[in-house]
Amino acid sequence: MTFRRVLNVLTLVLVVGLLIALRHELVQAWNLLSKVNIWILLLIVPLQFLSYYANGAAIFSYLKKRGHMQKVKNWDMARMALELNFVNHILPTAGVSGVSYMTWRLNKLGVSSGRATLAQVVRLAASFGSF
């Protein structure tokens, strides 16, 4: 068995174990869900997607304006922003792992490491400024 397969099986076992251990919490969350305003909950989904899209657009628009990147599809921008968010949440390193991950992803698109890091600094500054 390959390392990847072992890691996948181990992850699956861990997720099932967590679901079993936290089943009472899941039942309580399901019961609390009936008290949530469904319209606000449904509004969160497109707003969250728009937020991820804007984060991806901030990085890519900076790189495109500087001439460091060619055309990237909108779906790819949103997907990479989702990946960045996932990495930042799954690895609690105060964003360092996300910067490393995005640098690696952008490097595959032909962007140098320094420019990819600078694009993320610009994104963070723009996000900070918008708040």
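All of these numbers come straight from a predicted model, not from anything done at the bench.

A. Expanded view of the environment of Arg79. Structurally, the position occupied by Arg79 is in helix α4 (residues 74–90). Considering only alpha carbons, one finds Arg79 and Leu41, 38 residues apart in sequence, at a separation of 22 Å.

B. Representation of the pattern of salt bridges. Applying the stated rule across the entire model yields 2 salt bridges. For Arg79, the salt bridge goes to Glu83, with nearest N and O atoms at 3.4 Å. Of this pair, Arg79 and Glu83 both sit in helix α4, 4 residues apart, which is roughly one turn of that helix. By relative accessible area, Arg79 is classed as partly exposed at 32%. The salt bridge partner of Glu83 is Arg105, with a shortest N-O separation of 2.9 Å. Of this pair, Glu83 sits in helix α4 while Arg105 is found in helix α5 (residues 96–108), placing the two residues 22 residues apart along the sequence. Classification of Arg105 as buried rests on a relative accessible area of 14%. Within the structure, one salt-bridge network assembled from shared partners comprises Arg79, Glu83 and Arg105.

C. Representation of the packing of aromatic side chains within the structure. This structure, assessed with the given rule, holds 1 aromatic pair. Ring centres of Tyr101 and Trp104 lie 5.7 Å apart, and the angle between their planes is 50 degrees; on these two criteria the pair is classed as tilted. Pair noted here: Tyr101 and Trp104 are both in helix α5, with a separation of 3 residues, about one helical turn.

D. Broad picture of the packing of α4 against α5. For the pair α4 and α5, the least separation of the axes is 8 Å and the interaxial angle reads 150 degrees. It follows from the interaxial angle that α4 and α5 lie roughly antiparallel. The two elements α4 and α5 meet at a crossing, and its hand is right-handed. Counting all contacts with α4, which are made through Arg79, Met80, Glu83, Leu84, Val87 and Asn88, the residues of α5 involved are Ser97, Gly98, Val99, Tyr101, Met102, Arg105 and Leu106. Grouping the amino acids of the contact of α4 with α5 by side-chain chemistry returns 7 nonpolar, 3 polar and 3 charged.

E. The arrangement of helix α6 (residues 113–130) in detail. With 18 residues, α6 extends 26 Å between its outermost C-alpha atoms, agreeing within 8% with the 26 Å of an ideal straight helix rising 1.5 Å per residue. Taken together, the buried positions of α6 are occupied by Ala116, Ala119, Gln120, Arg123 and Ser127. Down the axis of α6, the buried side of the element spans an arc of 95 degrees, and every buried residue falls inside it. Residues of α6 that are exposed and angled more than 90 degrees away from the buried face: Gly114, Phe128 and Gly129. Buried-residue contacts for α6 involve α3 (38–65), α4 and α5.

F. Region of the structure containing α5. With 13 residues, α5 extends 19 Å between its outermost C-alpha atoms, agreeing within 8% with the 18 Å of an ideal straight helix rising 1.5 Å per residue. Three or more residues of α5 are buried, namely Ser97, Gly98, Met102, Thr103, Arg105 and Leu106. Contacts from the buried residues of α5 go to α3, α4 and α6. Positive backbone phi, approximately 95 degrees, marks Gly110, located one or two places after α5.

About the cut-offs
Residues numbered from 1 in each chain as written. Predicted model: local features only at pLDDT ≥ 70, side-chain atom pairs only at ≥ 80, totals over all residues. Heavy atoms only, no water. Helix = DSSP H or I, 4+ residues; strand = E, 2+ residues; numbered from the N terminus. Salt bridge = Lys/Arg side-chain N within 4 Å of Asp/Glu carboxyl O. Buried < 20%, exposed > 50% of the residue type's maximum accessible area, 1.4 Å probe, protein only. Phe/Tyr/Trp six-rings, centres within 6.5 Å; stacked < 30°, edge-to-face > 60°. Axes fitted to C-alpha atoms, helices over the stretch in contact; angles between N-to-C directions. Parallel < 35°, antiparallel > 145°, perpendicular 65-115°, else oblique. Left-handed = near helix turned anticlockwise from the far one by under 90°. Contact = heavy atoms within 4.5 Å. Nonpolar A, V, L, I, M, F, W, Y, C, P; charged D, E, K, R; others polar. Expected span 1.5 Å × (residues − 1). Arc of directions from axis to C-beta.

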